[in-house]
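A look at the structure
Now for the letters of each chain:
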Amino acid sequence: MVQKIGDQGETLVPDLIWPFGRLEGLDEDDLCMAAYEIFFTACRSSPGFGGGRNAINFYSTEGDGGGGSPVKGHGVGMAVTSKIKRALGLKMIKKRSPSSRRTHSWGSVPNNSNSPRNSPRDSPRSSPSPSGSPRIGFTVPTTKIKRPLTSAEIMRQQMQVSEQSDNRLRKTLMRTLVGQTGRRAETIILPLELLRHLKPSEFNTAAEYHLWQRRQLKLLEAGLLVHPSIPIEKSNKYAMKLKEIITSSEIKPMDTSKNSEQMKTVCNCIAALAWRTPDNELPTGVCHWADGYPLNVHIYISLLRTIFDTRDETLVLDEVDELVELMKKTWPILGINKLVHNMCFTWVLFEQYIVTGEVEVDLLAATLAMMSEIAHDVQTVDRETLVYVKMLKRGLSSIKRWSEKKLLDYHANFDNYSKLKVMEILLPLASAVTKISEDVPGYATPVQEDGDITTDQYGNRADLYIRSSLRNAFTKMLDDGNINSDTIEVQDVADALIQIAQATQELAMKEKENYSSTLKKWHPVAAGAAAVTLHSCYGTLLKQYLTGTSQLLSNEAIEILHTAGKLEKFLVQMAVEDSAECEDGGKAIVREMVPYEVESIITRSIRQWIQERLKSVKDVLQSAKESETWNPKSKTEPYGHSAVELMKHAKQALDEFLEIPVSIAEDLAHSFAHGLEELFRDYTTFVSSCGSKKSYVPTLPALTRCNRDSKIRLFWKKASPCTVTLQTAVDNDSIEGNNNPRPSTSRGTQRLYIRLNSLQYVLSQLQVLEKTLSLSTSIVSSPRNRFNNRSLQLQGSNYFDQTRSSINSATLHVSQVAAYRLIFLDSNSVFYGGLYIYDVENARVRPALRILKQNLTLLSAIVVERIQPLAMKEVMKASFDAFLMVLLAGGASRVFTRADHPMIEEDFDHLKKVFTHGEGIVSEETVDKEASAVEGVVDLMGDSTEKLIDEFTHVACEASGIGVGVGQKLPMPPTTGKWSREDANTILRVLCHRNDKASNHFLKWTFQLPKRR
């Protein structure tokens, strides 16, 4: 059984609301009976109504078809074709035997529960309606009348009015019009006439009469008091009296006899109210009892509903043209005009499409066709004369609301190909209703009502439909739970998001294949708008996931991001293809898509991971630095534990970096390597923070001159009987130690050796890290990588070049510090503190060499092999510097003569051989190169004092730029610390240590140097 829109404002069909106001106290049967009474009264003079039975053709939907040609009577004949149906695109009902319709002639419709179809207006006719309007309750005559039905019979049958009610109406009109056959219908107050002329005896029971009387009074109350066409004052005495009488009749029927005072009062009140005219207007000769809104529209729509075949309510009768023409005769009574008629007729078509289950698309197409008539009416109606603007607006708004509810979820409402035709009609229907609503005078700006859908900012409602429907479809897809198949059970968010992405792509393909071609007529980039919407929907889920997870580099998260990236590419391509004909080539629609930024998210996550991992390694390094003692871990691992901890965690970080389940851009690899480099350089700085070699070099003593009778010399002569020398002391120490003098290397110097080993360990591990990075297949080139060109040239690049450079510099620095500490601190007693003290012959270099050899042996045992040459070289340079310090800055305890030169030269040759033979592993070329400066100074010690003075004078004058001349005062040469034969300060120091009269005299008169004390 189909549902019907309630006349009282309620809705039995979802989303379709009755727009024409509410009527209290009158139900559908009351209105239907009132409509028939008014219709019959208005058409009483037409053929078929005045007692004659002029035949008209009528075709029922029953029967097998066939039959003869239409029969025309002498009265109103029905045309074979209908102009209205042709104009609205409605199909004609198939012809069939006239007898099939005559089966129910005289308007009888048997009350059979097995009837093939029950109309929404079908109700049992064997008992009276609640309002006392009995319907057909008799049996079908056994003899079938072999003639077509008249207009009156068709209407009576369509409206299901009983013969008894019809007879009472005819009797009333006959009594009313006695002697007034030319009286116009709009001058007759029909309910009043029915009350006057029909007596209780003409009804089956008193209760039936009471109900009938109540209906007539309620109708008068609605037309005259509640919804009058001409506003009425609350203080109107006639209205007040009439209201009082109507209220009292609810308990007891009103006396309508000829001599009843109450009836006379009712007649007077009704006449006074019905024959009123608007202010400042002349009488029109028309009574106003049924032309107030919304009563008139309710009654008129009840009439219009009769155009549908009772056997198949999806079809409009072929006789619709003649029936509508007859209905127009009620316009003066009901106050209907063409605009109101067109709106009501449109509503009836639209309503019928819905209540019959939305199966007959032609009814919807007819509704759309009627929109052109309404649009024309709106344009031609003057604002001041548009009485029913509100009615028009509400009617259009209800149609629009229902249509847009469907369109806003067209995926659910038109989910198969057969329903797409409905969508093709609803789109222009909604557009037409919107356009007409905007053109209604006085309502150019739509009034927002409950349930109305506001347009988008661009005015493109098709865009709104697309976005809303796809959002609904997307939401439904999520609510279904099982995305692709009923056999797939979503166990976690990751699986769900991947399946949703696949389902979203399928939804986009379905949209493009099924709907976009239809929507393209109303939206230039329909598929593009769909792509943007789905992109946004999935993007919202993706954003929620990314916000709620901290493991963005897990396998699940990476798979989700890659899946999202593929979906985004598909949707962007879909939008671009759809907007290829646009001027901008689809750039505008693509700009609406907020990018997922999958690559950026992955890159950001990797960078964040790098920062966190590097911080972790840095924390480990800091802890290791604080606990470092520079004691070797073991004999096989002669390096500090801090180096081991640093490289272990650096390698772990690198392994984890390369295990990230994505292709890593080369710039990220360099960024990671750069972060490790900073840690390595920090560690290198930490290792090399061991002081400076200069801190171990003795301060240069003040320049003095020697004299043959100096106190030092006298002291030495007095002590000469003592035969114990430095050599004897060292020899005795060797005997006590089984001819193996102990090395003088201190624990501090040994710790410096561990620092050297630690630097070398880090350097060796760098090669492992770099090889791992270079050979990794996870690292790919970056198109916009600032390292790209360099990477292509070097084919793998050197990731830790800067670290190597800093380690090499640190190694050199630590080697120098260790060497100077070894020579100037640990071996001070045999080198600077003991060599050539007071006398060359008795303080030769042999003891120092023996101790040096032992120190070099220990160095070779501690320092790793790869770094030994550098360490040996620095020890050699430190020993050479110490030898020079003895010769040039030995202080007051050292005095040399020209005769000492052969012994000094021999001692230095022995010192050089220590580094080229035995424990020494320094090349002869290197030794000779570093020894050249020392040898030059030693040669100076073999020159005569006069030659030294001449050479000093020449060099000092050239250095100062004053030129060599007699009587010139020589400047004091600065101490550069770079001892060499060509240095004036070096020659001067040789003279200061020369114990002869010439040097003493030269130094005294040239520089006023003091004597030694």
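Residues numbered from 1 in each chain as written. Predicted model: local features only at pLDDT ≥ 70, side-chain atom pairs only at ≥ 80, totals over all residues. Heavy atoms only, no water.

This next bit is on the overall build of the protein. Scanning the protein from N- to C-terminus turns up 37 helices and two strands. Classification of the 1013 residues of the protein by burial places 53% in the buried group. Excluding contacts between residues fewer than 6 apart, the proportion of contacts in the protein whose partners are at least 24 apart in sequence is 78%. About 47000 Å² of surface is accessible on the protein, with carbon and sulfur atoms providing 51% of the total. (Helix = DSSP H or I, 4+ residues; strand = E, 2+ residues; numbered from the N terminus. Buried < 20%, exposed > 50% of the residue type's maximum accessible area, 1.4 Å probe, protein only. Contact = heavy atoms within 4.5 Å. Areas by Shrake-Rupley, 256 points an atom, 1.4 Å probe, with all protein chains shown as cover.)

This part is about the packing of helix 25 (residues 666–688) against helix 30 (residues 801–826). Where helix 25 meets helix 30, the axes come as close as 9 Å, and the angle between the chain directions of the two elements is 5 degrees. Judged by the angle between their axes, helix 25 and helix 30 are roughly parallel. Only Asp-801, Gln-802, Thr-803, Ser-806, Ile-807, Ala-810, His-813 and Val-814 of helix 30 make contact with helix 25, whose side of the interface consists of Glu-677, Phe-680, Arg-681, Thr-684, Val-687 and Ser-688. In the contact of helix 25 with helix 30, the residues fall into five nonpolar, six polar and three charged. (Axes fitted to C-alpha atoms, helices over the stretch in contact; angles between N-to-C directions. Parallel < 35°, antiparallel > 145°, perpendicular 65-115°, else oblique. Nonpolar A, V, L, I, M, F, W, Y, C, P; charged D, E, K, R; others polar.)

Another aspect to go through is a negative patch on the surface. Residues Asp-492, Asp-495, Glu-556 and Glu-559 make up a contiguous surface patch of negative charge. Structurally, Asp-492 can be placed in the loop between helix 18 (461–480) and helix 19 (493–519). (Patch = residues over 30% accessible without salt bridge, like charges linked within 9 Å, V, L, I, M, F, W, Y side chains within 5 Å. Salt bridge = Lys/Arg side-chain N within 4 Å of Asp/Glu carboxyl O. Lys, Arg positive; Asp, Glu negative; His and termini not counted. Charge placed at Lys NZ, Arg CZ, Asp CG, Glu CD.)

Now for the state of the cysteines. Enumeration over the complete set of coordinates arrives at zero disulfides. This cysteine, Cys-267, is not joined by any disulfide, and Cys-269 carries the nearest cysteine sulfur, 9.4 Å off. No disulfide involves Cys-706; its sulfur sits 7.9 Å from the nearest other cysteine sulfur, which is in Cys-992. (Disulfide = S-S within 2.5 Å.)

All right, on to the environment of Gly-833 then. With respect to the helices and strands, Gly-833 occurs in the loop between helix 30 and helix 31 (846–862). In the structure, Gly-833 is positioned 49 residues away from Ala-882 in sequence and 9.8 Å away in space, judged by C-alpha atoms. Look past the residues within four positions of Gly-833 in its chain and what remains in contact with it is Asn-828 and Arg-894.

Our next topic: the nonpolar core. Within the largest apolar cluster, 288 residues are counted, with the highest numbers of intra-cluster contacts made by Trp-289, Tyr-538, Phe-657, Phe-883, Leu-887, Phe-915 and Phe-952. Leave out the neighbours within four places in its chain, and Phe-883 touches Leu-835, Tyr-836, Ile-904, Phe-908, Leu-911, Val-934 and Val-938. (Core = buried A, V, L, I, M, F, W, Y, C linked by side-chain atoms within 4.5 Å.)

Following Tyr-293, the chain continues into Pro-294 via a peptide bond in cis, with omega recorded as 10 degrees. Its location among the elements puts Pro-294 in the loop between helix 9 (261–274) and helix 10 (295–304). The residue Tyr-836 is not glycine, and still its phi comes out positive at about 60 degrees. For Tyr-836, the location among the structural elements is in the loop between helix 30 and helix 31. Its identity as a non-glycine residue notwithstanding, Tyr-838 has a phi of 65 degrees, on the positive side. If you trace the backbone, Tyr-838 turns up in the loop between helix 30 and helix 31. Since its relative accessible area comes to 34%, Tyr-838 is described here as partly exposed.

Turning our eyes to something else, we now look at the packing of aromatic side chains. This structure, assessed with the given rule, holds 28 aromatic pairs. A centroid spacing of 5.3 Å and a plane angle of 85 degrees characterise the contact between Phe-350 and Trp-402, whose relative ring orientation is edge-to-face. Of this pair, Phe-350 sits in helix 13 (residues 338–355) while Trp-402 sits in helix 15 (residues 389–407), and the two are 52 residues apart along the sequence. The two residues Phe-350 and Trp-402 agree in class, both being buried. Grouped by ring-pair contacts, the aromatic residues Trp-18, Phe-20, Trp-347, Phe-350, Tyr-353 and Trp-402 constitute a single cluster. (Phe/Tyr/Trp six-rings, centres within 6.5 Å; stacked < 30°, edge-to-face > 60°.)

So, on to the confidence of the model for the protein. Residues of the protein with pLDDT of at least 70 account for 80%, and the chain-wide mean is 81. A low-confidence stretch, residues 51–79 (pLDDT under 50), is modelled with 82 contacts involving residues beyond four sequence positions or located in other chains. (pLDDT = per-residue confidence, 0-100.)

Our focus in this paragraph is the side chain of Ser-469. Tracing the chain through its elements places Ser-469 in helix 18. Here His-411 takes part through its side chain, which lies 2.8 Å from a polar atom of the side chain of Ser-469. Beyond its immediate stretch of four places on either side in the chain, Ser-469 contacts Leu-407, Leu-408, Asp-409, Tyr-410 and His-411. (Polar contact = N/O pair within 3.5 Å; in protein donor to acceptor, adjacent residues only side chain to side chain.)

The subject of this paragraph is the environment of Ser-999. Within the secondary structure layout, Ser-999 lies in helix 37 (residues 997–1007). The exposure class assigned to Ser-999 is buried, which follows from its relative accessible area of 1%. Here the alpha-carbon distance between Ser-999 and Leu-988, two residues eleven residues apart in the chain, equals 9.6 Å. Discounting chain neighbours no more than four positions away, the residues touching Ser-999 are Thr-945, Leu-991 and Arg-994.

Axis separation between helix 10 and helix 13 bottoms out at 10 Å; the angle between their running directions is 55 degrees. Taken together, helix 10 and helix 13 sit at an angle that is classed as oblique. Here the hand of the crossing between helix 10 and helix 13 comes out right-handed. Residues Val-297, Tyr-300, Ile-301 and Leu-304 of helix 10 touch helix 13, and the partners they reach there are Val-340, His-341, Cys-344, Phe-345, Trp-347 and Val-348. For the contact of helix 10 with helix 13, the per-class residue count stands at nine nonpolar, one polar and no charged. (Left-handed = near helix turned anticlockwise from the far one by under 90°.)

Time to look at the pattern of salt bridges. Under the defined criterion, the tally for this structure stands at 41 salt bridges. Residue Glu-24 pairs with Arg-22 through a salt bridge whose shortest N-O separation is 3.8 Å. Judged by its relative accessible area of 47%, Arg-22 falls in the partly exposed class. Members of the salt-bridge network, linked through shared partners, are Asp-943, Lys-947, Glu-951 and Arg-981.

So, on to the environment of Gln-652. Mapped onto the elements of the fold, Gln-652 is located in helix 24 (residues 641–658). Each C-alpha atom of the pair Gln-652 and Arg-613 lies 9.8 Å from the other, and the pair is 39 residues apart in sequence.

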